[in-house]
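Letter by letter, the chains look like this.
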Amino acid sequence: MNRSRLDVTLAVGYLAVAAGILVARANPATAYESSVYTGSPTGVWVGFALALAIAVGTALTCRGRRQGLGIALGAMTVTAVASLPVIRNYHFLGMGDSMSHLGWTRDIVAGGTAPHELFYPGLHALASVFHFLGGVSIERALLFGMVILFVPFLLFVPLTVREMADSGLAVGLAAIVSWMVLPVNNIATHMAVHTNSNALFLVPPVVFAVVAYLRRRATVERLPLGLSPFSVLLALTAIALLLVHPQQMFNVVILIGAITAVQYLARWRLDDHPMLEHPTLAAQTLLLGGLFGLWALGNERFRSSAIALVSGLLADDTGAGNTVNQRGTSLTEIGGSLPELFVKLFLDAAIIGLVVGLFVLVVWLRRSSLADEPRTFVNYVSLALVPLGGLFAAYFLGTPTMAFRQVGFIYVLLTILAGIALAQLVGGLSEWITRPGANAVAALVLGACLVLGLLTMFASPLIYNPGQHVTPEMMSGYEDGLEHGANGTPHVGMGYDPYRYDHGINGLAGNDTLSSASAATGTANATVFSRGNYSGAYPTDEYYFVYTEWDRTKEIEVYDQLNYRRAALEGMDRYRGANKVISNDEFEMYAVRDA
């Protein structure tokens with residue numbers, strides 16, 4: 001394709017993504033949406049699909065400025081997908097940890113809590129700035145912060161690969177893999193207001209700073225006092241990561257500590273190797289490790305988490321096995337299966353992990369055609385995966401949720417390595433078929449993976465987990481219920497404890513845990529409730545039973561009445577001991593007592 005046609009094609013791509021955004025903006029969500037995908041008009045996806053098709057093609061086949069424009073087009077489109085809750089005017093997104101983060105931000109805005117008093121104040125402080133300077137609601141400010149923290153992932157993955165391998169093909173392929181957003185697995189990492197997940201997207205800038213520090217050694221780049229600008233960049237990006245979530249900062253300390261150990265081992269055993277020309281990361285490891293220690297060790301929540309991990313490792317019945325078996329049984333009862341869910345959630349990750357794993361093995365066996373320096377960087381990162389994988393194993397045995405968060409971090413690194421691995425694979429394939437043929441095969445396979453990856457970026461009934469879209473009606477219903485409920489009477493949810501809403505509405509000032517709320521709350525016993533024994537479904541004589549459209553969609557439509565029966569909900573209106581006290585299109589609350 002000649003240059004003029006290529007420029008026109010890129011222009012069409014940018015117009016397509018702009019049109020998709022405008023269509024999405026013109027069709028805001030007016031009620032609860034269980035899926036942002038089906039809730040958005042078809043025109044949105046037509047525009048985004050066209051833009052991504054052009055972006056994939058140009059990222060693979062072009063070089064220089066036009067490849068950069070293609071990568072920017074893809075990054076813009078994926079950012080638009082991630083921004084759909086903002087573009088389509090969602091009131092808020094997230095009902096678990098997200099609500100607690102909303103409460104902490106509310107405390108900061110109200111002056112009840114200073115940012116430095118939180119364990120990870122980065123997102124909350126950023127949202128507070130948006131709220132005060134932009135005049136937007138706290139809920140919307142947090143959604144803005146979610147998007148802002150996502151963008152560095154798309155920018156720095158290809159930049160890091162360019163530093164590591166200096167290959168145009170590897171850069172384009174790394175960009176495409178980054179668009180799959182593999183660190184999000186919807187088990188413990190989410191595209192939502194969730195600081196641990198949000199912090200994952202700040203890891204590539206830190207890795208870029210590490211690679212740039214090791215590779216760029218020109219004296220003209222020195223700052224006063226002989227400091228390397230990339231050493232300063234490493235410190236600044238790591239501090240930003242620490243403030244968003246220290247767990248991912250701890251992973252970075254392990255990463256650079258492992259690289260330091262490899263460097264010293266190379267100096268001890270080798271006489272001639274590119275590693276010997278790289279400056280060591282010993283000082284940076286000590287600095288960042290010290291910062292993490294000073295920040296984390298004095299925090300009660302960190303100590304509690306560490307104790308929980310150790311207790312989990314020592315316990316006989318803690319681990320992921322029982323959880324997986326229970327969920328597998330539940331999926332079977334509602335017509336799904338674990339293999340089906342694995343394909344939807346982890347097929348992309350499995351393919352990329354397999355490709356990277358085989359590539360690393362080839363590199364270790366010295367069978368790759370990589371130049372010495374790119375091979376050195378591959379060795380740095382791949383060897384660092386050993387202690388990171390060991391930490392994953394410890395989490396898996398002790399606290400399974402943390403294990404899947406660790407998988408998220410590992411897949412940040414695998415996304416970076418995937419660009420180099422796929423470039424080697426496509427290069428080898430082009431020796432069997434033509435280069436255009438190899439590019440076509442790569443585009444088709446990666447395009448299919450990209451579709452699957454973007455379809456599972458957000459929770460939806462596709463993965464048996466309805467989207468956690470919070471509507472104004474839900475918030476106002478809970479606000480009225482918590483404000484006007486009788487003192488001492490618990491608010492009881494349908495499979496979901498309302499205490500998180502209490503956090504989001506009333507804040508957590510003076511309460512540094514996630515396990516309590518200012519109003520007594522709980523969940524109804526599903527078996528007893530479904531039998532119509534409403535007064536016996538909770539161990540008090542009187543309680544408020546609340547459920548939202550999200551609860552109803554999850555339990556009745558997605559879970560197909562596995563736990564709660566539709567007839568039991570409908571029977572509430574006929575039960576003499578139940579009085580409907582609050583009702584709107586998205587929220588119901590009954591005062592329940594023994595009839």
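The structure this text deals with has already been given above.
Residues numbered from 1 in each chain as written. Predicted model: local features only at pLDDT ≥ 70, side-chain atom pairs only at ≥ 80, totals over all residues. Heavy atoms only, no water.

Considering the overall build of the protein
Quick reminder of the rule: A run of H or I in DSSP becomes a helix once it reaches four residues, and a run of E becomes a strand once it reaches two; helices and strands are each numbered from the N terminus. C-alpha atoms define the radius of gyration in this analysis, and the globule rule sets the expected value at 2.2 Å times the number of residues to the power 0.38. Relative accessibility decides the category of a residue: with a 1.4 Å probe and only protein chains considered, values under 20% of the type maximum give buried, values over 50% give exposed, and everything between is partly exposed. The criterion used for residue contact is that any of the two residues' heavy atoms lie within 4.5 Å.
Secondary structure summary: the protein contains 25 helices and seven strands in total. For a compact globule of 595 residues, the expected C-alpha radius of gyration is about 25 Å, and the protein comes in at 25 Å, within 12% of that figure. Oriented by its inertia axes, the alpha-carbon framework of the protein measures out at about 85 × 55 × 50 Å. Taken over 595 residues, the protein has a buried fraction of 55%. Considering only intrachain contacts with a sequence separation of at least 6, the fraction spanning at least 24 residues in the protein is 74%.

Some details on the nonpolar core
Rule in force here: To form a nonpolar core, buried Ala, Val, Leu, Ile, Met, Phe, Trp, Tyr and Cys residues must be joined to one another through side-chain atoms within 4.5 Å.
Val78, Phe150, Trp179, Met191, Met457 and Tyr501 are the most contacted members of the largest nonpolar core, which totals 163 residues. Of the residues forming this core, the biggest block, 16 residues, is contributed by helix α19 (residues 400-432). Once residues lying within four places of it in the same chain are set aside, the contact partners of Tyr501 are Met95, Met99, Val470, Met474, Met475, Tyr478, Leu482 and Tyr496.

Topic: the packing of helix α11 (residues 203-215) against helix α13 (residues 246-269)
Our working definition: Here an angle of 0 to 180 degrees is reported between the N-to-C directions of two axes, which are lines fitted to C-alpha atoms, with helices fitted over the stretch in contact. Any angle between 65 and 115 degrees counts as roughly perpendicular, while under 35 counts as roughly parallel, over 145 as roughly antiparallel, and the rest as oblique. By definition, any crossing whose near helix is turned counterclockwise from its far helix by less than a right angle is left-handed, and any crossing with a clockwise turn is right-handed. Polar here means any residue outside two lists: the nonpolar Ala, Val, Leu, Ile, Met, Phe, Trp, Tyr, Cys and Pro, and the charged Asp, Glu, Lys and Arg; Gly therefore counts as polar.
Direction vectors running N to C along α11 and α13 enclose 20°, while the axes themselves pass 11 Å from each other. Considered as vectors, α11 and α13 are oriented roughly parallel to each other. Crossing geometry of α11 relative to α13 is assigned as right-handed. Taking contact as the criterion, the partners of Val206, Val207, Val210 and Leu214 in α11 are, on α13, Val252, Leu255, Ile256, Ile259 and Gln263. Grouping the constituent residues of the contact of α11 with α13 by class yields eight nonpolar, one polar and no charged.

Focus: the side chain of Thr160
Tracing the backbone through its elements, the reader meets Thr160 in helix α8 (residues 138-165). Excluding residues that lie within four positions of it along the chain, Thr160 makes contacts with Pro204, Val207, Phe208, Val211 and Ile416.

Comments concerning the packing of helix α3 (residues 42-61) against helix α20 (residues 435-455)
Where α3 meets α20, the axes come as close as 10 Å, and the angle between the chain directions of the two elements is 140°. Our classification of the angle between α3 and α20 gives oblique. Relative to α20, α3 is oriented so that their crossing is right-handed. Residue-level inspection shows Leu52, Val56, Leu60 and Thr61 of α3 in contact with α20, the latter providing Asn439, Ala442, Ala443, Leu450 and Leu454. A per-class count over the contact of α3 with α20 returns seven nonpolar, two polar and no charged.

Some points on the packing of aromatic side chains
Note the threshold: Pairing of aromatic side chains requires ring centres within 6.5 Å, counting the rings of Phe and Tyr and the six-membered ring of Trp. Pairs whose planes differ by under 30 degrees are stacked, by over 60 edge-to-face, and all others tilted. A positively charged side chain is recorded as over a ring if its NZ (Lys) or CZ (Arg) lies within 6 Å of the ring centre. The angle to the ring normal must also be within 35 degrees.
For the structure shown, the criterion picks out 23 aromatic pairs. Here the aromatic rings of Tyr37 and Trp45 are separated by 5.7 Å at their centres, their planes lie at 35°, and the arrangement is tilted. With centroids separated by 5.5 Å and ring planes inclined at 65°, the aromatic side chains of Phe156 and Phe208 adopt a geometry described as edge-to-face. Taken as a pair, Phe156 in helix α8 and Phe208 in helix α11 lie far apart in primary sequence, 52 residues in all. Residue classification places Phe208 among the buried positions, given a relative accessible area of 11%. By way of ring pairs, the aromatic residues Phe529, Tyr534, Phe545, Tyr547, Tyr564 and Tyr575 are connected into one cluster. Over the ring of Trp268 we find Arg269; its NZ or CZ atom is 5.5 Å from the centre of that ring.

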